[in-house]
Amino acid sequence: MSRIRSVATSAAQKGREALEINRRSVLAAAGAVSLSAGVGYALRPTDSQAAPAATEEQQPVAESRKAPAAPLAPYTKGTTLASVAAPRNSSGYRRLGDGAGWKRVLRSDLAAAKSGREHRRTALAAFVQFTDLHLMDVQHPLRLEYVRVHDRHAWRPHEALTVPGAISLVERVNALRGAPVTGSPLHFVMTTGDNTDNNAHSELEWFMKVMSGGRMSPNTGDPKHYQGVQNSGLKLFWQPDSTVRDADKAVGFPHLAGFLAAAIREVRSPGLNLPWYSTVGNHDALPLGCYGSHADPYLTAAAIGGKKLMSVTDADAKKLQDSIRRAQDPKGSGYRDFLKAHARSMRSVTPDEKRAPYTPADYLKAHLDPAYQGLGPVGHGYSSANVDAGTQYYAFRISDDVIGISLDTTDAGGHYDGSIGTAQLNWLDKTLTENKDSYAVVFSHHTSQSMTNTRPDPAHPGERRHTGAEVVTLLNRHANVLAWVNGHIHRNLITPHTASNGRSFWEITTASHVDYPHLARIVELVDNKDGTISLFTTLIESAAPHRTDFTDLSQTGLAALYRELAFNAPGAGKALAGNPVDRNTELVLKRG
């Protein structure tokens, strides 16, 4: 495995090597090195494995930003090592401000850390993980806000601000000066699923523009007015523009005149100044993240129609929520009957075809649309071969020494937990075997513990589905696997995996960007040149200021408010940041 870049070289040599990295780059193109269709070839930098070979000039190359004139250097500014949003008061509605940073924790669960490694390190790769953005069309007729009567966290007061919140996260990444530990260039951003919330075309368009750049209005239905639970007059929900004493104002939420008009106003994303890749989550694949209901004409019509249910009884809400949690209604037929039974209670809203559910093919085609290419790569990991084969998994080259593998752990049969089919499991095994001379990082939406849904895929009814435990067993058979990076559970968690053969890898699970503390994660891979590898994980927040100003309803002001409202959301989990060992870390393992 070749030496890419040493962080212990002289400043002049660092500068020359940084430029060389940029030239050779990450060589991670969807069309150039994708294995999307399950084709099992070695990932060589110039191979096209999902499409006919292209000339060197045509090859879509995922390269990091142009190296600055001065060599990059380690830093903490702009990361949670320096500061983390924290409450300034101790009771009631809590205002946020600048808090103390989170220290880096050394974890030697899988291998002992040897002294002097900081002077020997060679950087292998560095990237950023986004996960669980949950960009929401909050006026969508099929949403389940009314379940809040039974479960306070089933609806969140900050949900109308997911788009400006995500744009602020893009702005944070654009401001980073490379990787914080090694100072090496960042190669790409990977989103690990639940990019959208309701599986609506409107949300998919917003996601593509947030990531690649563009203007958008986070609004559907009436082009000038919000129509949903937050101006319904129902005390169950925060009514920001009204003086109504609702349940959230009773615990300190403010009256903010003009909030809803600002929430649906046009915003602009600069787009990432790094290449980005996409992994699919259950909310991207299934309506509402849980129903295998794409073939249901009633629910499709209801999604774009002019009626919206906003309130039900506690008993009805509990019954519906229980059926989802227990996977009793994977096809959504019970949900359809539930809506029909409450038809008289629905309120009128403006219909909008943009709210229609999108299919897996629609998801792929959006990524392949030149309008959303940004800095690439073409397809953001996916290719026309994925469209032809009906798959949403692929492999790509991160650097000379590292490959990335993006899995599709969603199940079209329904329910929010995941699994993978035999064909994909065999493809994963073959891909790792044929690239045994490269280190591997695996990406998925679901964690190993949340891959327990083995319901058959309707498109492949005879194919067996495999759990996360089976995936762990497979990964432990390959000495080149360093990490499995995922999301889904909205909590920071880092888990060591080891097998009886002595092989091991780290599972890195990152908290969401919809529930506080609204985080993303930088991951750096380094060879310590002493028989060990270190994976450095560094959490980042959005670029929005920690302090909010209730009179500032600008795009930036809304992004700051998004974080503070989320911190105060009734029923929100208070331990989603995880323990210190799950946040900013150095994870050591033996070199394979």
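The rules we used
Residues numbered from 1 in each chain as written. Predicted model: local features only at pLDDT ≥ 70, side-chain atom pairs only at ≥ 80, totals over all residues. Heavy atoms only, no water. 1 Å grid on protein atoms, 1.4 Å probe; cavity = no way out; pocket = protein on both sides within 12 Å on 5 of 7 lines; lining within 4 Å. Points joined across faces, edges and corners; volume = space filled by probe spheres on them. Helix = DSSP H or I, 4+ residues; strand = E, 2+ residues; numbered from the N terminus. Nonpolar A, V, L, I, M, F, W, Y, C, P; charged D, E, K, R; others polar. Phe/Tyr/Trp six-rings, centres within 6.5 Å; stacked < 30°, edge-to-face > 60°. Buried < 20%, exposed > 50% of the residue type's maximum accessible area, 1.4 Å probe, protein only. Lys NZ or Arg CZ within 6 Å of the ring centre and 35° of its normal. Pairing = 2+ DSSP bridges. Axes fitted to C-alpha atoms, helices over the stretch in contact; angles between N-to-C directions. Contact = heavy atoms within 4.5 Å. Parallel < 35°, antiparallel > 145°, perpendicular 65-115°, else oblique. Left-handed = near helix turned anticlockwise from the far one by under 90°. Polar contact = N/O pair within 3.5 Å; in protein donor to acceptor, adjacent residues only side chain to side chain.

Enquirer: Which residues make up the layout of surface pockets, and what are the values?
Expert: Taken as a whole, the largest pocket holds about 940 Å³ of empty space. Along its surface, the largest pocket is lined by 31 residues, and His153, Ala154, Arg156, His283 and Tyr416 are the ones closest to its centre. Counting only elements with at least two residues in the lining of the largest pocket, the list comes to helix 6 (282-285) and helix 8 (314-325). Within the lining of the largest pocket, the residues separate by chemical class into 10 nonpolar, 11 polar and 10 charged. Of the pockets and cavities examined, the second largest pocket occupies roughly 670 Å³. Lining the second largest pocket we find 32 residues, and of these Gly390, Ala412, Asp457, Ala459 and His460 sit closest to its centre. Counting only elements with at least two residues in the lining of the second largest pocket, the list comes to helix 9 (333-341), helix 10 (360-368) and helix 12 (422-434). Broken down by class, the residue content of the lining of the second largest pocket amounts to 11 nonpolar, 13 polar and 8 charged.

Enquirer: A description of the packing of aromatic side chains should follow, citing residues and the corresponding values.
Expert: A full pass over the atoms with the stated rule returns 22 aromatic pairs. Consider the rings of Phe127 and Phe188, whose centres lie 5.1 Å apart with planes at 10°: the pair is stacked. Residue Phe127 is found in strand 5 (residues 122-130), and its partner Phe188 is found in strand 6 (residues 188-192); the two are separated by 61 residues along the sequence. Relative accessible area serves as the criterion here: at 0%, Phe188 is assigned to the buried category. Centroid distance Phe188 to Phe396: 5.5 Å. Interplanar angle 85°. Geometry classified as edge-to-face. Of this pair, Phe188 sits in strand 6 while Phe396 sits in strand 12 (residues 394-399), and the two are 208 residues apart along the sequence. In this structure Phe396 comes out as buried when scored by relative accessible area, which is 0%. Taken together through their ring pairs, the aromatic side chains of Phe127, Phe188, Tyr277, Tyr358, Tyr363, Tyr382, Tyr394, Phe396 and Phe443 make up a single cluster. Sitting over the ring of Phe567, Lys574 keeps its end group 5.0 Å from the ring centre.

Enquirer: Go over the sheet that holds strand 12, please, and point to the residues and values.
Expert: Reading across from one edge, 12-13-15-17-19-18 is the order of the 6 strands in this open sheet, with mixed pairing throughout. Looking at strand neighbours, the two that pair on one side only are strand 12 and strand 18 (493-498), the edges of this open sheet. Neighbour to neighbour, the strand axes of the sheet diverge by 20° on average, direction disregarded. Strand direction decides the pairing type here: strand 18 and strand 19 (residues 504-509), joined by 6 bridges, are antiparallel. Within strand 19, the residue paired with Pro496 across the bridge is Trp506. Across the sheet, helix 12 lies against strand 12, strand 13 (402-406), strand 15 (439-443) and strand 17 (481-486), angled at about 175° from strand 13, the strand it touches most. Its contacts with the sheet place helix 13 (residues 468-475) against strand 15, strand 17, strand 18 and strand 19, and it is angled at close to 155° to strand 17.

Enquirer: Would you mind going over the pairing of strand 20 (residues 520-527) in detail, with residue names and values included?
Expert: A regular strand places its side chains on the two faces of the sheet in alternate fashion. Counting buried positions over the 8 residues of strand 20 gives 8, a clear majority of the element. Burial along strand 20 is two-sided: Ala520, Ile522, Glu524 and Val526 and Arg521, Val523, Leu525 and Asp527, pointing in opposite directions, are all buried. Hairpin connection, strand 20 to strand 21 (residues 532-540): the antiparallel pair is bridged by 4 residues, and Lys529 has positive phi, about 60°.

Enquirer: Describe in detail the packing of helix 12 against helix 13, supporting the description with residues and values.
Expert: Viewed as axis vectors pointing N to C, helix 12 and helix 13 meet at an angle of 20°, and their least axial separation amounts to 11 Å. Accordingly, the angle class assigned to the pair helix 12 and helix 13 is roughly parallel. Seen along the crossing, helix 12 lies across helix 13 with a hand that is right-handed. Where helix 12 abuts helix 13, its residues Leu425, Leu428, Asp429 and Leu432 lie against Val471, Leu474 and Leu475. Along the lines of polarity and charge, the residues of the contact of helix 12 with helix 13 split into 6 nonpolar, no polar and 1 charged.

Enquirer: Explain the environment of Glu159 to me, using residue names and the numbers behind them.
Expert: The residue Glu159 is located in the loop between strand 5 and helix 3 (162-175) in this model. The spacing of Glu159 and Val138 is 21 residues in sequence and 6.9 Å in space, taken between C-alpha atoms. Setting aside residues no more than four positions away along its own chain, Glu159 makes contact with Met136, Val138 and Arg143. For Glu159, the side chain forms a polar contact with the side chain of Trp155, separated by 3.4 Å. Within polar-contact distance, the side chain of Glu159 engages the side chain of Arg156 at 3.0 Å.

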